[in-house]
Amino acid sequence: MADQVTSRIGQTKLVILIGDVTKQKTDAIVNAANSSLRGGGGVDGAIHRVGGPSIKEECQEYVSEHGALPPGKAMWTHGGNLPARYVIHTVGPIYKSEEGSAPVLRSAYEESLKLAEELNLKSLSFPSISTGAYGYPLEAAAPVALRAIIDYLREGSRLELVQLVCFAKDTFDAYKEASEKLVE
Ligand code: ADP
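To start, this report covers the structure provided alongside it. (Residues numbered from 1 in each chain as written. Predicted model: local features only at pLDDT ≥ 70, side-chain atom pairs only at ≥ 80, totals over all residues. Heavy atoms only, no water.)

**Quick word on the overall build of the protein**
Definition in use: Strands are runs of DSSP state E lasting at least 2 residues, helices are runs of H or I lasting at least 4, and numbering of each runs from the N terminus. With C-alpha atoms as the basis for the radius of gyration, the globule rule is written as 2.2 Å multiplied by the number of residues raised to the power 0.38.
In terms of helices and strands, the protein carries five helices and seven strands. Starting at the N terminus and ending at the C terminus, the protein contains elements arranged as β-β-β-α-α-β-β-α-β-α-β-α. The C-alpha atoms of the protein give 15 Å as radius of gyration, which agrees with the globular expectation for 184 residues (16 Å, within 12%). Along the first, second and third principal axes, the C-alpha atoms of the protein reach 45 × 35 × 30 Å.

Written as structure tokens, this is what we have:
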């Protein structure tokens, strides 16, 4: 299939595809949230819309207990009405410079993967974190995101499937190009 790129990193299948992350049937999907966890536009809005109010309630409980979720960190809620059982909420960087933003973007992917493993999940779907409202240029974000995922999986992971779900063709093209350079 032309609009799908599949590779194997250690024990894990890595798939880049065009689609809607809210429709994915992986054990968890990742939300590109903001620190307040109150929901917002873009993929965050879509996840709360499809998942229903229980996700926001769990987010609010988390914030009243732990405070806001800093950029580069991750937390989880159940998936509500989504096909996925869990939502892993992470906060990407608001893009300022490559030096400042790349480590935070990398951390958002790593912390999400770690949390998925702590929850004993087998499959996880990411959207393209920070490349919408947070302004991270796609061509710069794609290699950082993929490098983070690949490095993590190469260390050895029990995850069987990691998907990068691109909402638009230009997003898919950027991740596909980055993967051709990074996956041997
Ligand atoms: P951020 O604030 O982290 O930049 P956005 O939600 O604004 O997050 O955008 C991140 C990416 O998510 C963009 O590429 C946007 O097109 C994409 N996106 C929006 N809705 C969906 C969806 N339902 N599934 C997958 N990706 C989505």
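**Here we look at the nonpolar core**
Burial of nonpolar side chains together is a common tendency in soluble globular proteins. For clarity, the threshold we go by: We call a set of buried residues a nonpolar core when its members are Ala, Val, Leu, Ile, Met, Phe, Trp, Tyr or Cys and they connect through side-chain atoms within 4.5 Å of each other. We call a residue buried when its accessible area falls under 20% of the maximum for its residue type, exposed when it is over 50%, and partly exposed in between, using a 1.4 Å probe and counting protein chains only.
Counting 40 residues, the largest nonpolar core has Tyr 109, Phe 126, Leu 146, Ile 149 and Tyr 175 as the members making the most contacts within it. At eleven residues, the largest contribution of residues to this core is made by helix H4 (residues 138-154). Within the second largest apolar cluster, 16 residues are counted, among which are Ala 84, Val 87, Val 91 and Val 165.

**So, helix H5 (residues 169-182)**
The condition is simple: What a helix is expected to span follows from its residue count: subtract one and scale by 1.5 Å. Any two residues whose heavy atoms approach within 4.5 Å at even a single point are treated as in contact.
Here H5 contains 14 residues, and its C-alpha end-to-end distance of 20 Å stays within 8% of the 20 Å for a straight helix at 1.5 Å per residue. Where the residues of H5 are buried, they touch strand S1 (4-9), strand S2 (12-18), helix H3 (98-118), H4 and strand S7 (161-166).

**Comments concerning the pairing of strand S3 (residues 28-33)**
What counts, and what does not: Strands were regarded as paired on the criterion that DSSP finds at least two bridges between them.
When you tally the buried positions in S3, you get five out of six residues, the bulk of the element. Where S3 lies against strand S5 (residues 86-91), six bridges are found, and the strand directions are parallel. Pairing of Ala 32 across the sheet is with Thr 90, part of S5. Of the pairings in the sheet, the one linking S3 to strand S6 (residues 123-126) comprises two bridges and is parallel in character. In the sheet register, Ala 28 faces S6, and the bridge partner there is Leu 124.

**Description of the site of the ligand**
Our working definition: Whether a residue is near a molecule or strand depends on its heavy atoms: if one lies within 4 Å, it is near. Pairing of N or O atoms within 3.5 Å defines a polar contact, subject to two protein rules: one partner must be a possible hydrogen donor and the other a possible acceptor, and residues neighboring in sequence count only if both atoms are side-chain atoms. Only the protein chains shown count as cover for residues, and the accessible areas themselves come from Shrake-Rupley with a 1.4 Å probe. By the convention adopted, Pro, Cys, Tyr, Trp, Phe, Met, Ile, Leu, Val and Ala count as nonpolar, Lys, Arg, Asp and Glu as charged, and the other residues, Gly among them, as polar.
Around the ligand sit 14 residues in total, of which Asp 20, Val 43, Ser 130, Gly 132 and Ala 133 are the nearest. The backbone of Val 21 places a nitrogen or oxygen atom 2.9 Å from a nitrogen atom of the ligand. In isolation the ligand exposes 570 Å². Once the protein is present, 87% of that is buried. If you tally residues by element for the shell around the ligand, the top one is helix H1 (residues 42-51), at three residues. Looking at the shell around the ligand residue by residue, the class counts come to eight nonpolar, five polar and one charged.

**Points about the packing of aromatic side chains**
To be explicit about the condition: Stacked, tilted and edge-to-face are the three classes applied to pairs of Phe, Tyr and Trp rings, where Trp contributes its six-membered ring and a pair requires centres within 6.5 Å; stacked means planes under 30 degrees apart, edge-to-face means over 60, and tilted covers the rest.
The final tally for this structure, using the stated rule, is three aromatic pairs. The interplanar angle of 45° and the centroid separation of 4.8 Å between the aromatic rings of Tyr 109 and Phe 126 together place this pair among those described as tilted. A residue pair is termed long-range when its members are at least 10 positions apart, and Tyr 109 in helix H3 and Phe 126 in strand S6 qualify at 17 residues. A residue is classified by how much of its surface remains accessible, and Tyr 109, at 0% relative accessible area, is buried.

**What to know about H1**
Residues three or four positions apart in an α-helix share a direction because the helix packs 3.6 residues into each turn. Listed as buried for H1 are Asp 44, Gly 45, Ala 46, Ile 47, His 48 and Gly 51. As for H1, its buried residues are in contact with S3, helix H2 (53-66) and S5. Backbone geometry just downstream of H1 places Gly 52 in the positive-phi region, at approximately 90°.

**Side note on the pairing of S6**
Our working definition: When the strands point away from the viewer and the connection leading from the first strand across the helix to the second strand turns clockwise, the crossover is called right-handed.
Side chains Ser 123 and Ser 125 of S6 all project onto a buried face; the interleaved residues Leu 124 and Phe 126 project onto the opposite face, where all are buried too. As paired elements, S6 and S7 share four bridges and run parallel to each other. Within the sheet, the bridge partner assigned to Ser 125 lies in S7 and is Gln 163. After leaving S6, the chain enters H4 and then returns to the sheet as S7, a path that is right-handed.

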